[in-house]
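Summary of the model geometry
Residue-level listing of the chains:
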Amino acid sequence: MEPLFSNACVQTEQNLLEMTRASVPVWYRLYCRLLSAVMAVCAIVMVFMKMYMFTALFFALAVILAAVYEAKIRSAAKKSLKRNEELYGRDVETRIFFYEDTIIGKNLQSGTAVRTGYDKVKKIVETPSLYVLILDGNISILVDKGGFISDNGADFSKFIKEKCVNAK
């Protein structure tokens, strides 16, 4: 049986960074942004109250919180990249095959293959260069937008959204 879609993806640092950003829980992202915004508003209020020491403090806290959020994402992506380098000595290459009722992913370095159903996909996130399919247990399948082996890559977005009925 021929797959409906075939995709080749290399887990580069940029792809892992996009995947990590896509995998961050919404509540955590909102929490960090909201808290940073509150700190910035407090800094502005302190300017009007002529309390410049507190202005600097609140502004610094807003910047630090935003920087910590970004550093955490970058650190997780670099950790995955380092693990891949230690295990395989290079970036991981995968082939993902989408059939009528199942997804099969193959790691070319380890030679292992994994099969999953579309009903296991809990979230689909589109980034500038990837579709990230998030399964239970924070497991992600990376689908490179430029990596479709067949010529039907333009139809993938509609296809995956129709197949993954449990996905947000």
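Let me begin by describing the structure that accompanies this report.

The rules behind each value
- Residues numbered from 1 in each chain as written.
- Predicted model: local features only at pLDDT ≥ 70, side-chain atom pairs only at ≥ 80, totals over all residues.
- Heavy atoms only, no water.
- Salt bridge = Lys/Arg side-chain N within 4 Å of Asp/Glu carboxyl O.
- Helix = DSSP H or I, 4+ residues; strand = E, 2+ residues; numbered from the N terminus.
- Buried < 20%, exposed > 50% of the residue type's maximum accessible area, 1.4 Å probe, protein only.
- Disulfide = S-S within 2.5 Å.
- Expected span 1.5 Å × (residues − 1).
- Contact = heavy atoms within 4.5 Å.

A few words now on the pattern of salt bridges. Counting across every chain of the model gives six salt bridges. Among the salt bridges present, the one from Arg21 reaches Glu70, with a minimum N-O distance of 2.2 Å. A residue pair is termed long-range when its members are at least 10 positions apart, and Arg21 in helix 1 (residues 13–23) and Glu70 in helix 3 (residues 52–88) qualify at 49 residues. Relative accessible area serves as the criterion here: at 31%, Arg21 is assigned to the partly exposed category.

Within the structure shown, the criterion is met by zero disulfides. Free of any disulfide, Cys9 has its nearest cysteine sulfur in Cys164, 16 Å distant.

With 37 residues, helix 3 should cover 54 Å at 1.5 Å per step; its first-to-last C-alpha distance of 53 Å lies within 8% of that length. Restricting attention to buried positions, one finds in helix 3 the residues Thr55, Phe58, Ala62, Leu65, Tyr69, Ile73, Ala77, Ser80, Leu81 and Asn84. Contact partners of the buried residues in helix 3: helix 1 and helix 2 (26–48). Positive backbone phi, at 75 degrees, marks Gly89, one or two positions downstream of helix 3.

Everything listed is a geometric property; what it means functionally is a separate question.
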